[in-house]
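# A look at the structure
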There are 2 protein chains.
Amino acid sequence: MQLTLDLDSEVPIYQQIRDRIVEAIADGALAAGAALPSTRQLGMDLAINFHTVNKAYDLLRRQGFIRINRKSGAVVRRDRLSGPPEAGFADEWQSRLRTLLAEAVAQGLSPQEVQQRAGSVLESFATPKGSMT
Amino acid sequence: MQLTLDLDSEVPIYQQIRDRIVEAIADGALAAGAALPSTRQLGMDLAINFHTVNKAYDLLRRQGFIRINRKSGAVVRRDRLSGPPEAGFADEWQSRLRTLLAEAVAQGLSPQEVQQRAGSVLESFATPKGSMT
DNA sequence: GTATCTGTTCTATTATTTGTATAACAGCTA
DNA sequence: TAGCTGTTATACAAATAATAGAACAGATAC
């Protein structure tokens, strides 16, 4: 679970943890069913408070990325990468996509380069990564 | 300057203003050189404090989207949509793009659909909109 | 000139968020 | 039994978000 975060970033730590784990899921580094470290363990590894990790996990759970049981701990949901997304997700997501793409276009990136970069990222998700069972 | 914001959103008001204006620039609704309303005027229209609008404008200025003079007020930069983006922008932007695309893929959207939605958004930017001179 | 609008800056207050900290309880497991 | 775990509760300091009032200076309109 090599997970790097930037303590000087304006992005909250719990948000960074969430983002890195979501990327690891899309990546294939965290396969469906894979177990996440315990909040106390990950807090130790990252040298941060375990409540901050707990907040990130709770966010991932509320957004449907993981399941948390008292037994098995935090586990990547099995019915995610296969089935369709939650209702209403796609629309809300696309509006955020619109904002992000607008930023690049308004900064002078050509639509062609934007599309190419998006394709490059998606390609990096498609190529399977080493999973951590 | 029809600009809708959601006061119940978790996204700060000043950030929403920034986002909507960036989208209007990418959109073509705000052409290069176009003048933005004064902070007091926009604050009146949106029924919010003008300091909040000022914060949004200051953010747009620091990110290079607009120029602010005491004479002409806030104006969309002319040397943006033509020239290349600021140094180091593309890399930082792509890492944010990676996070956003990962979210969609991890939620179950196929890479094909993601790419199609990105294309759809970029297409909406390409088709010229009515500008507000 | 006077009045008005503007950007800019300063201070202040309230509410919320962020991160840390300590403690406790209950369930599982070696 | 002992240890690890998820979970919940409370507390605190720091930063952020939004509002508010006031003041100054430059530009514009009458």
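These numbers come from a predicted model, not from an experiment.

## Notes on the side chain of B:Asp19
Tracing the backbone shows B:Asp19 in helix α1 (residues 13-27). B:Asp19 sits in the buried class, given a relative accessible area of 10%.

## Some words on the packing of aromatic side chains
Residue and element names in this part refer to chain B. Across all of its chains, the model carries zero aromatic pairs over all chains by this definition. Between Arg40 and the ring centre of Phe50, over which it is positioned, the NZ or CZ distance is 4.7 Å. Here Lys55 stacks its cationic end above the ring of Tyr14, 4.4 Å away from the centre of that ring.

## A few points about the layout of surface pockets
Empty space within the second largest pocket amounts to approximately 260 Å³. Taken together, the residues of the lining of the second largest pocket sort by class into eight nonpolar, three polar and five charged.

## Quick notes on the pattern of salt bridges
Inspection of every chain in the model, using the stated rule, returns 20 salt bridges over all chains. A cluster of three or more residues bridged by salt bridges with shared partners is formed by A:Arg18, A:Asp19, A:Glu92, A:Arg96 and B:Glu103.

## A word on the interface of chain A and chain B
Each side of the interface is counted separately: chain A has 47 residues, and chain B has 46 residues. Across the chain A/chain B interface, buried area totals approximately 4500 Å², and carbon plus sulfur atoms make up 64% of it. Looking only at chain A, the three residues that lose the most surface to chain B are A:Trp93, A:Arg98 and A:Gln107, adding up to 16% of its buried area. On inspection of chain A and its partner chain B, the count reaches eight salt bridges. The salt bridge partner of A:Glu103 is B:Arg18, with a shortest N-O separation of 3.3 Å.

## A closer look at the protein's contact with DNA strand C
Neighbouring residues of DNA strand C: 20 residues in total, closest A:Ile13, A:Tyr14, A:His51, A:Thr52 and B:Arg40. Protein-adjacent atoms of DNA strand C, using a 4 Å cutoff, are sugar or phosphate at a proportion of 54%. With respect to DNA strand C, the side chain of A:Tyr14 contributes an N or O atom lying 2.8 Å from a phosphate oxygen. At 3.1 Å, a side-chain N or O of B:Arg70 approaches a base nitrogen of DNA strand C. Among the secondary structure elements, those contributing two or more residues to the surface near DNA strand C are α1 (13-27) and α3 (50-62) of chain A together with α2 (39-46) and α3 (50-62) of chain B. Among the elements that line the surface near DNA strand C, the one with the most residues is α3(A), at four residues. Residues belonging to the surface near DNA strand C are distributed by class as follows: seven nonpolar, seven polar and six charged.

## Here we look at the relation of the copies chain A and chain B
Between chain A and chain B, the superposition needs a rotation of 180° and an axial shift of 0.0 Å, giving an RMSD of 0.1 Å. Here the two chains are linked by the operation of a two-fold rotation axis. With an isologous cut-off of 70% or more, the 98% of interface residues of chain A that recur at the interface of chain B puts this contact in the isologous class.

## A short note on the protein's contact with DNA strand D
Around DNA strand D there are 21 residues in total, and A:His51, B:Ile13, B:Tyr14, B:His51 and B:Thr52 lie nearest to it. Sugar and phosphate atoms constitute 56% of the interface atoms of DNA strand D, taking the interface as everything within 4 Å of the protein. In this structure, A:Ser38 approaches DNA strand D through a side-chain N or O atom, which is 3.1 Å from a phosphate oxygen. Side-chain polar atom of A:Thr39 to a phosphate oxygen of DNA strand D: 3.3 Å apart, as the coordinates give it. Elements with a contribution of two residues or more to the surface near DNA strand D: α2 (39-46), α3 and β1 (66-69) of chain A together with α1 and α3 of chain B. Residue composition of the surface near DNA strand D, by class: seven nonpolar, eight polar and six charged.

What counts as what
- Residues numbered from 1 in each chain as written.
- Chains lettered and ligands numbered in written order.
- Predicted model: local features only at pLDDT ≥ 70, side-chain atom pairs only at ≥ 80, totals over all residues.
- Heavy atoms only, no water.
- Helix = DSSP H or I, 4+ residues; strand = E, 2+ residues; numbered from the N terminus.
- Buried < 20%, exposed > 50% of the residue type's maximum accessible area, 1.4 Å probe, protein only.
- Phe/Tyr/Trp six-rings, centres within 6.5 Å; stacked < 30°, edge-to-face > 60°.
- Lys NZ or Arg CZ within 6 Å of the ring centre and 35° of its normal.
- 1 Å grid on protein atoms, 1.4 Å probe; cavity = no way out; pocket = protein on both sides within 12 Å on 5 of 7 lines; lining within 4 Å.
- Points joined across faces, edges and corners; volume = space filled by probe spheres on them.
- Nonpolar A, V, L, I, M, F, W, Y, C, P; charged D, E, K, R; others polar.
- Salt bridge = Lys/Arg side-chain N within 4 Å of Asp/Glu carboxyl O.
- Contact = heavy atoms within 4.5 Å.
- Buried area = accessible area lost by both parts, 1.4 Å probe.
- Near = heavy atom within 4 Å.
- Polar contact = N/O pair within 3.5 Å; in protein donor to acceptor, adjacent residues only side chain to side chain.
- Least-squares fit on C-alpha atoms with pLDDT ≥ 70 in both.

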